[in-house]
Amino acid sequence: MEKLNIYYNTKKIGILSFDSHTQEFGLEYLEQWKKEGFAISPILGLDENFKSHDVKNYVENLLPEGDGLDKLVSIFKISKSNKYALLEAIGKDTSGALSFVTDEISKESIFREITHEELSKRIKQRNQISIVVWDEKPRLSIAGVQEKLPVCKINGKYGLGDGALSSTHILKFDKQNDNLVLNEYTSLQLAKIAKLSIPNIEIIDFDGELVLEVERFDRIIIDDKHVKKLHVIDSCQALGFPTSFKYERNFGNQRDVKEVREGVSFTKLDKLTKIYAKIPIIMKVKMIDWTIINLILGNSDAHGKNISFFVDKNGLSLTPFYDIVNIFMYSEKYETTFAMAIDDEFDVNKLAAFDVAIHCYEMGIAPKVFNDSFKRISKAILKEFSTGTIVSKISKYDASFIVKYKKDITKRIEFLLEICEDASKIKKSEI
């Protein structure tokens, strides 16, 4: 039986186990943590009335996906199916407050500085030399598919943190000249203008290579020797789903399987809110705004792993929103169907007033409330396009990108305004 100690910051709270013969996962909370702590996920309750696959799904959601997972497998020569061994390899600094280690957590503060010159060189060489390997150790501990590097930033200096230190920021890189850095920065800043909570972000120029620096919302810098971790989970972990269920149509949108909708959906998130949210009405309002902003900004890839929650003894509360990107600008390259349907519609171009109205009534809100929020948010975004500072800042980097971005968003707002207005007039009895 393989075992990993589970630490909440520097406090041991339980043991994760794995039987390589039966492929069974186990999780035991320490008795003291049962008395004073909380379940690390709603599906993994303190009563320990859960199954092996529940633990496995939680572990799987801590791991990178796509190319990141491929790199991890290549570095350690571990099978993709061996979730336990992969977690053991990167478990010291996962998302949230938990660490999974074979021994004890070091309380020593270790900071290995990375100079601007060294980091610039590695960023430029990342297609030849993996950006996640430093000093022959992987620094790939963030779930998701986009290329990124977790770093510790103390007193303005980048580095790698261990022991009482950990990563505090995430550096995200461009891919195939798609302007993803400018796109995500612009989209998140527009979301902020629309009153959505987002992480602190900045564009950093590493000798001509633009990088998005994202401050981790699950980290608090206490001083230059200590970083406190906050526990967070994504909605797949909250619902007990594997990563493949991050999309509502968990088998994809091919003709023979597109009606299978067992993954994360708005209705499942709404049910989660009602049961586990600290203040359900606040979470509901924020999720409505998030839905509207994703519609306006063309973020069709707003899936279950792109919405997360802080967890404590009092329940769940939403983290700042992240990974908001205008996917519709790349419709010739990427899939633009919704990750989660509005009623039964996954295609924004086919969205109708009745889809929006039914969606609202399913969520327990009046379509008029949705319409009022849509008008407020779209007005704020259009005002920023006319008089704000975001457009001028992005224009300095790439004027043609922001022109294309504005045109795409403005056209979609015009289309959706009419739909939301018509939806606001539909009564529940007419559904």
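Our structure's up above, just so we're on the same page.
In this report, we go over the structure that sits alongside the text. Quantities reported herein were computed from a predicted structural model and do not represent experimental measurements.

## Quick word on the pairing of strand E11 (residues 201-206)
Note: E11 against strand E12 (residues 209-215), 6 bridges, orientation antiparallel. Among the inter-strand pairings, glutamate 202 is bridged to a residue of E12, identified as glutamate 213. In this antiparallel pair of consecutive strands, E11 and E12, the connection spans 2 residues, and aspartate 207 shows a positive phi of 50 degrees.

## Section: a nonpolar patch on the surface
Residues Ile279, Ile281, Ile282 and Val285 make up a contiguous nonpolar surface patch of about 350 Å² in total accessible area. Tracing the backbone shows valine 285 in helix H9 (residues 280-297).

## What to know about the packing of aromatic side chains
The tally for this structure, following the rule as stated, stands at 12 aromatic pairs. Taking the centre distance of 5.4 Å and the plane angle of 15 degrees together, the rings of phenylalanine 18 and tyrosine 84 count as stacked. One end of the pair, phenylalanine 18, is in strand E2 (residues 11-19); the other, tyrosine 84, is in helix H4 (residues 83-90), and 66 residues separate them in sequence. Take phenylalanine 18: its relative accessible area is 6%, and that puts it in the buried class. Taking 5.8 Å as the distance between ring centres and 45 degrees as the angle between the ring planes, the aromatic pair formed by phenylalanine 401 and tyrosine 405 counts as tilted. Here phenylalanine 401 and its partner tyrosine 405 are both found in helix H12 (residues 390-423), 4 residues apart, which amounts to about one turn of the helix. Taking relative accessible area as the criterion, phenylalanine 401 reaches 5% and is therefore assigned buried. The class for tyrosine 405 is buried, based on a relative accessible area of 0%. Members of the aromatic cluster, connected to one another through ring pairs, are Tyr8, Trp33 and Phe38. Positioned above the aromatic ring of tryptophan 134, the side-chain terminus of arginine 122 is 4.3 Å from the ring centre.

## Looking at the sheet that holds strand E15 (residues 232-234)
One open sheet accounts for 3 strands, arranged E15-E16-E17; its pairing is antiparallel. Each edge of the sheet is formed by a strand with only one pairing partner; in this case those strands are E15 and strand E17 (315-318). Taking each pair of neighbouring strands and ignoring which way they run, the sheet shows an average axis angle of 40 degrees. Of the pairings in the sheet, the one linking E15 to strand E16 (residues 308-312) comprises 3 bridges and is antiparallel in character. Among the inter-strand pairings, valine 232 is bridged to a residue of E16, identified as phenylalanine 310.

What counts, and at which threshold
Residues numbered from 1 in each chain as written. Predicted model: local features only at pLDDT ≥ 70, side-chain atom pairs only at ≥ 80, totals over all residues. Heavy atoms only, no water. Pairing = 2+ DSSP bridges. Helix = DSSP H or I, 4+ residues; strand = E, 2+ residues; numbered from the N terminus. Patch = residues over 30% accessible without salt bridge, like charges linked within 9 Å, V, L, I, M, F, W, Y side chains within 5 Å. Areas by Shrake-Rupley, 256 points an atom, 1.4 Å probe, with all protein chains shown as cover. Salt bridge = Lys/Arg side-chain N within 4 Å of Asp/Glu carboxyl O. Phe/Tyr/Trp six-rings, centres within 6.5 Å; stacked < 30°, edge-to-face > 60°. Buried < 20%, exposed > 50% of the residue type's maximum accessible area, 1.4 Å probe, protein only. Lys NZ or Arg CZ within 6 Å of the ring centre and 35° of its normal. Axes fitted to C-alpha atoms, helices over the stretch in contact; angles between N-to-C directions.

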